[in-house]
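Notes for the structure review
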Amino acid sequence: MKRSVYLSVCVVLSAVAGIFYYAQTRQSTAVVATRDLSVGVRIQDTDLAVRSVNPLSLGGQVLRTPDQAIGQVVAHPILEGQFIDARQIAPSKNAALLTAGLEVPPGYRIIGVPIAPATAVGGVLKPGDFVDVMAIPNPSKSAAIIDEPAPAPITIGKNVLVLGLRTDQGAQVDQSDHGLSVGNSKPESVLLAIPASDETTYSLAIASSTFVLAMSTD
């Protein structure tokens, strides 16, 4: 009788050990990026690869097949070799990918202007701030040669809503970093909400001027 009990216990323990071993060693598939993918990029099949991995090492929303990602738009920057999470992609391009959840008023446009931390309130800007936007025309070489006075700044926007800051790779600057850096990258542009009627003014300034942003306190 005891022998039968012992045998039954051994069978059960062996089965449990087998199930545990299988769970630890079985492989599943996961989708990874073959290159850095910035926000707004529409994913192609060449941007993806499939790896065999232990499913226990994956998060619950990691994509398992390329079909789940092809044709989708990158909503958060994805690095080369990174597993692609469902939360990093969206079905289509839309303003919500850029605005950090802030509402863009009707009739307004989202525009990015080049900045440096020193000319953007020391780089401490964050989404939701309001700034005055000044454009300083870049002097021509001829003007510099004849020692003409430096051009005066022109205010092209008052109380302009800041929607976000971006690095030169298009990655979003984390608000917790206060706009100073992302890893070794610094903010290269700031996203602003501007009236549609100001598009031409800003576009001309981007082509010919340096921007200075001043924090509004009103």
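Residues numbered from 1 in each chain as written. Predicted model: local features only at pLDDT ≥ 70, side-chain atom pairs only at ≥ 80, totals over all residues. Heavy atoms only, no water.

Counting its secondary structure elements, the protein contains 3 helices and 9 strands. Put simply, the protein runs from its N terminus to its C terminus through helices and strands in the order α-β-β-β-β-β-β-α-β-β-α-β. Taking all 218 residues of the protein together, the buried fraction comes to 31%. Here the protein has roughly 13000 Å² of accessible surface; of this, 58% comes from carbon and sulfur atoms. (Helix = DSSP H or I, 4+ residues; strand = E, 2+ residues; numbered from the N terminus. Buried < 20%, exposed > 50% of the residue type's maximum accessible area, 1.4 Å probe, protein only. Areas by Shrake-Rupley, 256 points an atom, 1.4 Å probe, with all protein chains shown as cover.)

Summed over all chains, the structure comprises 5 salt bridges. With its nearest N and O atoms 2.9 Å apart, the salt bridge here joins R87 to D85. You can call D85 buried: its relative accessible area is 10%. Across the pair R109 and E199 runs a salt bridge whose closest N-O atoms are separated by 3.7 Å. In this pair, R109 sits in strand β5 (residues 108–114) while E199 sits in helix α3 (residues 199–208), placing the two residues 90 residues apart along the sequence. Residue classification places R109 among the partly exposed positions, given a relative accessible area of 39%. (Salt bridge = Lys/Arg side-chain N within 4 Å of Asp/Glu carboxyl O.)

The subject of this paragraph is the nonpolar core. One finds V131, V133, V190, L192, Y202 and L213 to be the most contacted residues of the largest nonpolar core, which totals 19 residues. Residue assignment for this core shows that the elements contributing at least two residues are β5, β6 (130–137), β7 (154–167), β8 (187–195), α3 and β9 (209–215). Contact partners of Y202, with chain neighbours within four places excluded, come to I111, V113, V133, I156, G157, V160, L192, I194 and F211. Membership of the second largest hydrophobic core comes to 11 residues, among which are V31, A33, L63 and I84. (Core = buried A, V, L, I, M, F, W, Y, C linked by side-chain atoms within 4.5 Å. Contact = heavy atoms within 4.5 Å.)

The subject of this paragraph is unusual backbone geometry. Although it is not a glycine, N159 adopts a positive phi angle of roughly 50°. Along the chain, the position of N159 falls in strand β7.

Taken over all residues, the pLDDT of the protein has a mean of 74, while the share at 70 or more is 66%. The low-confidence segment residues 141–145, where pLDDT is below 50, has 1 contact with residues more than four positions distant or belonging to other chains. Contacts from residues 175–184, a stretch scored under 50 in pLDDT, to residues over four places away or in other chains number 23 contacts. (pLDDT = per-residue confidence, 0-100.)

Bringing the environment of L191 into the picture now. Looking at the secondary structure, you find L191 in strand β8. Its relative accessible area of 9% is what places L191 among the buried residues. Taking the C-alpha atoms as reference, L191 lies 8.8 Å from P127; in sequence the two are 64 residues apart.

Let us look at the side chain of D85. Of note, D85 is situated in the loop between β3 (73–74) and β4 (89–90). A polar atom in the side chain of D85 sits 2.8 Å from the backbone nitrogen of R87. Discounting residues that sit within four places of it in the chain, D85 has contacts with Q61 and V62. (Polar contact = N/O pair within 3.5 Å; in protein donor to acceptor, adjacent residues only side chain to side chain.)

With respect to the secondary-structure elements, P106 resides in the loop between β4 and β5. Residues P106 and P195 lie 89 residues apart in sequence; the distance between their C-alpha atoms is 8.8 Å.

This brings us to the side chain of S189. By secondary structure assignment, the location of S189 is in strand β8. S189 sits in the buried class, given a relative accessible area of 18%. The residues touching S189, leaving out its near neighbours within four places in the chain, are V113, P114, I115, G164, L165 and R166.

Looking at where K158 falls in the secondary structure, it is placed in strand β7. Assessed through its relative accessible area of 59%, K158 is described here as exposed. Put simply, K158 and V133 are 25 residues apart on the chain and 6.5 Å apart in space, counted from C-alpha to C-alpha. Setting aside chain neighbours within four positions, we find K158 in contact with V131 and D132. A polar contact is formed between the side chain of K158 and the side chain of D132, at a distance of 3.3 Å.

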